[in-house]
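Examination of the molecular architecture
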Amino acid sequence: MLFVLNSFLILVFNMFLVRVFGRRLFATATSEASAAGAAAASTIRTAHNPLEEFFEVDRNPEEDKPVVYGRSWKASELRLKSWDDLHKLWYVLLKEKNMLMTQRQMLHAQNLRFPNPERLPKVRKSMCRIKHVLTERAIEDPDPRRTAEMKRMINAL
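Read on for a plain summary of the structure. As the structure is a prediction and not an experimental result, all values here were calculated from the model. (Residues numbered from 1 in each chain as written. Predicted model: local features only at pLDDT ≥ 70, side-chain atom pairs only at ≥ 80, totals over all residues. Heavy atoms only, no water.)

Overview of the overall build of the chain
Short version of the rule: Strands here are runs of E lasting at least two residues and helices are runs of H or I lasting at least four, both read from the DSSP assignment and numbered beginning at the N terminus. Throughout this description, buried means an accessible area under 20% of the type-specific maximum (1.4 Å probe, protein chains only), exposed means over 50%, and partly exposed covers the range between. In this description, contact between two residues means that some pair of their heavy atoms is separated by no more than 4.5 Å. Here the Shrake-Rupley method, with its probe set to 1.4 Å, supplies the accessible areas, and only the displayed protein chains count as covering residues.
Helix and strand content of the chain: six helices and zero strands. The order of α-helices and β-strands along the chain, N terminus first, is α-α-α-α-α-α. Across the 157 residues in the chain, those meeting the buried criterion constitute 24%. For the chain, the share of sequence-separated contacts (at least 6 apart) that also reach a separation of at least 24 residues comes to 67%. Carbon and sulfur atoms make up 61% of the accessible area of the chain, which amounts to about 11,600 Å² in all.

See below:
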């Protein structure tokens, strides 16, 4: 198990390095590059790797204008959503949390500052609120068997 985890971390770290160096190499390319080289570069940049979902979309950290991120979800807003919508939102937030934690770990390993550290608590707070709303719905259900089954599902999240 530990070997698999270490292999995964090494793979993710290597992919991160390739992306960083790839961006730097493409950014310094001159206008004298051949059309074939430009085509190869574009295919490399557009190639989809599932591990890329663990990293934030390309953006220049030296931009003058800071990026503004949204707020966490309110419980009152989540109460209006259906079970399926909450389920989808849970996995979107889980994916965002994994991406942020991966980014934080990679930057920490390179002794770099994690940009916008307030994003992670917003995601965690939204996830807690989803669990709270689902627990409220489970408690309100008149069928005790269904209530117990829903609580087991919620606790497994």
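Details of the packing of helix H4 (residues 83–109) against helix H5 (residues 119–140)
Going by this rule: To get an axis, fit a line to the C-alpha atoms, keeping to the stretch in contact for a helix; angles then go from 0 to 180 degrees between the N-to-C directions. Note that the term roughly parallel is reserved for angles under 35 degrees, roughly antiparallel for angles over 145, roughly perpendicular for angles of 65 to 115, and oblique for everything else. Two helices that cross are described as forming a left-handed crossing if the nearer one is turned anticlockwise from the farther one by less than a right angle, and a right-handed crossing if clockwise.
Closest axis-to-axis distance for the H4/H5 pair is 9 Å, and the angle between their directions is 155°. Taken together, the axis directions place H4 and H5 in an arrangement best described as roughly antiparallel. Helix-helix and strand crossings are classified by hand; for H4 and H5 the assignment is left-handed. Here Trp83, Leu86, Leu89, Trp90, Leu93, Leu94, Glu96, Lys97, Met99, Leu100, Met101 and Arg104 of H4 come into contact with H5, specifically with Arg119, Leu120, Val123, Arg124, Ser126, Met127, Ile130, Lys131, Val133, Leu134 and Arg137.

Details of the side chain of threonine 147
Note on placement: threonine 147 falls in helix H6 (residues 144–156). Given a relative accessible area of 11%, threonine 147 falls into the buried group. Apart from the residues within four sequence positions on either side, threonine 147 is in contact with Ala138, Ile139 and Asp141.

Side note on the packing of aromatic side chains
Convention followed: Stacked, tilted and edge-to-face pairs are distinguished by plane angle, under 30 degrees for stacked and over 60 for edge-to-face with tilted covering the rest, among Phe, Tyr and Trp rings (Trp via its six-membered ring) whose centres lie within 6.5 Å. For a Lys NZ or an Arg CZ to count as sitting over a ring, it must be within 6 Å of the ring centre and within 35 degrees of the ring normal.
This structure, assessed with the given rule, holds zero aromatic pairs. One cation-aromatic arrangement involves arginine 119 over tyrosine 69; the distance from NZ or CZ to the ring centre is 3.8 Å.

Some words on the nonpolar core
Nonpolar side chains in soluble globular proteins tend to be buried together. We count it as follows: Take the buried residues of types Ala, Val, Leu, Ile, Met, Phe, Trp, Tyr and Cys, join any two whose side-chain atoms come within 4.5 Å, and each joined set is a nonpolar core.
Judged by nonpolar contacts, the single largest core of 19 residues is most densely connected at Leu78, Leu86, Leu93, Leu100 and Ile130. If you list the elements that add at least two residues to this core, you get helix H3 (75–79), H4, H5 and H6. Look past the residues within four positions of leucine 93 in its chain and what remains in contact with it is Val123, Ser126, Met127 and Ile130.

With respect to H6
Which entries qualify depends on this criterion: A helix is expected to span 1.5 Å multiplied by its residue count minus one. The directions from the helix axis to the C-beta atoms are what the arc is built from.
The end-to-end C-alpha distance of H6, which contains 13 residues, comes to 18 Å, matching closely the 18 Å that a straight helix rising 1.5 Å per residue would cover. Along H6, the positions that sit buried rather than exposed are Thr147, Met150 and Ile154. The buried side chains of H6 occupy one side of the element, clustering within an arc of 70° when seen end-on. Opposite the buried face of H6, by more than 90 degrees, sit the exposed residues Arg145, Arg152, Asn155 and Ala156. Residues of H6 that are buried sit in contact with H4 and H5.

What about H4?
End to end, H4 covers 39 Å across 27 residues, agreeing with the expected 39 Å (1.5 Å per residue, within 8%). Buried within H4 we find Leu86, Leu89, Trp90, Leu93, Met99, Leu100, Thr102, Gln103, Met106 and Leu107. Just downstream of H4, asparagine 111 is the residue with a positive phi angle, here 55°.

Some details on the packing of H5 against H6
What counts is decided by this rule: Lys, Arg, Asp and Glu make up the charged group, whereas Ala, Val, Leu, Ile, Met, Phe, Trp, Tyr, Cys and Pro make up the nonpolar group; the residues left over, Gly among them, are polar.
For the pair H5 and H6, interaxial distance at closest approach is 9 Å and the crossing angle is 170°. On the basis of the axis angle, H5 is roughly antiparallel to H6. Here Lys131, Leu134, Thr135, Arg137, Ala138 and Ile139 of H5 lie close against H6, whose contacting residues are Thr147, Met150, Lys151 and Ile154. Residues that form the contact of H5 with H6 fall into these classes: five nonpolar, two polar and three charged.

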